[in-house]
Amino acid sequence: HPTPIFELLGYALDEVVNPGHLPAEELQQLEGPIEIAVKNMVHRGLDQDGNAGVVFERMAQALVRCSTAQGDFEEQEAASRRRKLARYLLVRAGPLVEATTASGEAD
């Protein structure tokens, strides 16, 4: 179920957002696990509802926060790749969250 992923990403983002905690670059380490989690969710059919939508949004947020366009060419290419994955996740999330909201299951 995607709920534990959602919660763990929340903890990671809190550690980055709060002053004096982790630098945003630390979230780069989540790129591979996020890709694997998405593939696993798709494989198990867990990518079709509002729960998946909010998890995809949170994954995208983590990826975007560590993907500023700075550094050398290689770092910028890696950041661009993460932003592309984040965009994919947000495009997937939008209709799922919208449908769940429209059905009255969530607000």
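Keep in mind that this is a model prediction, so the values were computed, not measured.

Q: Explain the nonpolar core to me, please; I cannot follow it from the model alone.
A: Counting residues in each nonpolar core, the largest one holds 22 residues, and the members touching the most others are Ile34, Val38, Met41, Phe56, Met59, Leu63 and Leu89. For this core, the secondary structure elements donating two or more residues are helix H1 (3–17), helix H2 (31–43), helix H3 (50–65) and helix H4 (73–102). For Met59, the contacting residues outside a window of four places in its chain are Ile5, Leu9, Ile34, Ala37, Val38, Met41 and Leu89.

Q: Would you mind showing me how to read the side chain of Glu31 here?
A: Tracing the backbone shows Glu31 in helix H2. Discounting residues that sit within four places of it in the chain, Glu31 has contacts with Leu63, Arg81 and Arg82.

Q: Got a minute to help me understand the pattern of salt bridges in this structure?
A: Should their charged atoms come close, side chains of opposite charge can pair. With the rule as written, the count across this model stands at 3 salt bridges. Of the charged contacts, one joins Arg82 and Glu31 as a salt bridge, the two residues approaching to 3.9 Å between their closest N and O atoms. A residue pair is termed long-range when its members are at least 10 positions apart, and Arg82 in helix H4 and Glu31 in helix H2 qualify at 51 residues. As far as burial versus exposure is concerned, Arg82 and Glu31 are alike and both buried. We note a salt bridge from Arg92 to Asp47, for which the minimum N-O separation is 2.6 Å. Note that Arg92 is positioned in helix H4 and Asp47 in the loop between H2 and H3, a separation of 45 residues in sequence. Owing to a relative accessible area of 22%, Arg92 belongs among the partly exposed residues under this scheme. Overall, the relative accessible area of 5% leaves Asp47 in the buried class. Look at the salt bridges and you will find they share partners, linking Glu31, Arg81 and Arg82 into a network.

Reading the values: rules and limits
- One numbering rule holds for all chains: residues counted from 1, following each sequence as written.
- Side-chain atom pairs in this predicted model are given and counted only at pLDDT of 80 or more, local residue features only at pLDDT of at least 70, and totals for whole chains, interfaces and linings cover all residues.
- The side-chain quantities take in all heavy atoms of the structure and omit both hydrogens and water.
- Take the buried Ala, Val, Leu, Ile, Met, Phe, Trp, Tyr and Cys residues and link them wherever side-chain atoms come within 4.5 Å; each set so joined is a nonpolar core.
- The cut-offs for exposure are 20% and 50% of the maximum accessible area for each residue type, with area from a 1.4 Å probe on protein chains only; residues under the lower value are buried, those over the upper are exposed, and the others partly exposed.
- Strands are runs of DSSP state E lasting at least two residues, helices are runs of H or I lasting at least four, and both sets are numbered from the N terminus onward.
- In what follows, a contact means two residues having at least one pair of non-hydrogen atoms within 4.5 Å.
- For this document, the term salt bridge refers to a Lys or Arg side-chain nitrogen within 4 Å of an Asp or Glu carboxyl oxygen.

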